[in-house]
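Summary of the model geometry
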Amino acid sequence: MKANTSKTFILILLAALLLLTGCVATQTTKTSEASKEDMSWMFPDIVDTSFVKTHVTVPMLDSVMIIDARPYKAKYVKGHIPGAVSIPFSEFDKKTALLPKDKNTLLIFYCEGLKCKLSHKSAKMAEKLGYTNVKVYAMGYPEWISLKDNYASISVEHVATQIAQNNTMIIDARPQKTKYDKGHIPTAINIPFSQFDILKGKLPRDLNTPVIFYCGGLNCRLSHKSAAKALEMGYTNVTVFAKGFPEWTKTYGVSNETLQVQAGEVEGSIELERFKSIIANNPETILLIDVRDADEFAKGSFKTAVNIPVETLEPKIKDLPDDKPIVFACSTGARSGEAFYMTKDVRESLKDVFYVEAQIDFKGDGKFEIKKSK
Amino acid sequence: MFKKSMVVLISLIFTIVSFSVVFSSEGPAGNDRKGKYTYRKVYKACAETGEIESATPKLSPADKTMEQWKTIFEAKTFEEFGCKDNWAAISDSDILDIYSYFYHHASDSPTPATCK
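Residues numbered from 1 in each chain as written. Chains lettered and ligands numbered in written order. Predicted model: local features only at pLDDT ≥ 70, side-chain atom pairs only at ≥ 80, totals over all residues.

**Quick notes on the overall build of chain A**
Each helix and strand counted, chain A has 13 helices and 16 strands in total. Burial statistics for chain A: of 374 residues in total, 34% are counted as buried. (Helix = DSSP H or I, 4+ residues; strand = E, 2+ residues; numbered from the N terminus. Buried ≥ 20, exposed ≤ 12 C-beta atoms within 10 Å, placed from the backbone.)

**A closer look at the sheet that holds strand β13 (residues 326-329) of chain A**
Two strands in a sheet stick together by hydrogen bonds in their backbones, pointing the same way (parallel) or opposite ways (antiparallel). Residue and element names in this part refer to chain A. Strands sit in the order β12-β11-β13-β14 across an open sheet of four strands; the sheet is parallel. Every other strand in the sheet has two partners, leaving β12 (306-307) and β14 (353-355) as the edge strands with one partner each. Across four bridges, the pairing between strand β11 (residues 287-290) and β13 is parallel. Across the sheet, Leu288 pairs through a bridge with Val327, a residue of β13. Contacts from helix α13 (residues 334-346) reach β13 and β14, with the element oriented near 160° to β14. (Pairing = 2+ DSSP bridges. Contact = placed C-beta atoms within 7 Å. Axes fitted to C-alpha atoms, helices over the stretch in contact; angles between N-to-C directions.)

**A short note on the interface of chain A and chain B**
Contacts between chain A and chain B engage eight residues on the former and six residues on the latter. Of the residues assigned to the side of chain A that touches chain B, the class counts are three nonpolar, two polar and three charged. (Nonpolar A, V, L, I, M, F, W, Y, C, P; charged D, E, K, R; others polar.)

**Section: unusual backbone geometry**
Looking along the chain, the bond that leaves Val58 of chain A and enters Pro59 of chain A is cis, with omega of -5°. Looking at the element boundaries, Pro59 of chain A is found in the loop between α2 (49-55) and β2 (64-68). Positive phi, close to 75°, is recorded for Thr187 of chain A, a residue that is not glycine. Relative to the assigned elements, Thr187 of chain A resides in the loop between β7 (169-172) and β8 (189-190). Under the C-beta neighbour-count criterion, Thr187 of chain A is labelled partly exposed, with 14 such atoms within 10 Å. Even without a glycine there, the phi angle at Cys83 of chain B is positive, about 50°. Considering the arrangement of structural elements, one finds Cys83 of chain B in the loop between α3 (66-75) and α4 (84-88).

Next comes the structure, spelled out in structure tokens:
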């Protein structure tokens, strides 16, 4: 009786085991079928981050092109792998002219990570066009930006947005006298890479503050080297505007002229030689406001100046245009200095505001003599 | 004896000249341009409370000498300015700027303030 019960128990156990194995087998088959189905959209030649990293160079080699297949405005502008060209998958057919002529060029496509199909689809289309060396960086941008030593490049539109939001420090990594002093992106401070270790104290104390480095364009390494140093220092939100100042001037050409206003020694003052040069050569690039009284203005002022006596300035500050730098002037710097501080106090968002800290003797007919204040 | 007297005399002259140079370049190191705006702003705020009738400050830097302003600002005796509550609320940094404005544009300064 006991033996029979044991046999029955063993039989039941075996049956249960078989059933269970069958279920698992069925499930495995189903999963693998599903995987096969999922994998079909994937491009066969996948590369990893280290492969991509070895091909990110400044400047990028002609034999390599890294291609961001994500949407331009929503993704690429805000951050992309340095050196990457934007060819969104949705616009691939329209933008094939951006691809290199040499069909043997190494093309590395990426998009928004493992579940993103855009890079795979683009890669397949590139192969159809005859490209022979096509890869996909399947982990894509999320993996790139998550790695400690990596940083993103951003586009000119994003730089402008960050300036408007006023929560980012923009750093010009070019030499001061030969480059920065001749023009720079509004609000940018200058930390030439050659003096990075000496001037790094100018960087924000909060390591989470977004910092954007730029220099002289795609062939310039200074911004990239500076970004690497900032990452070493522990900054967590480091980006490079790789196309740099040439791209800025190309996009915001008019305001480039305005950028050439240069701060003087005293807070808020415009550098005198630069001021003289602007008045002589391109006075239309600044809004020059003479803050003396109307009777003084009538006797003589700068040809392009408008008159807003400092006593009447305050209610008008909100209406001052912000498309070019504003420079206040008077005869000694006293009233124009007051106008400067008033403007900064009333409308903090106006960034390019200066005053002339100098003795100005107006001669009439737009002529004047200007001397540095003692 | 004569030599000794000469040495003492020259030393004395040197000391006097040095002191004059030092004292002539003395003065508060604030921002006088900013001080001018802050000073006027204080009076504007004071006028808005109704304590004074006009927002135009009643005291100008040219009303006193540098030494007189030095005494007032070092002792922080601002009663003469009126608007006691507003003065009490001004930060030390702003006070320094206002002091610089008054001192550097005092009646005996190289650049006395005009009515502007």
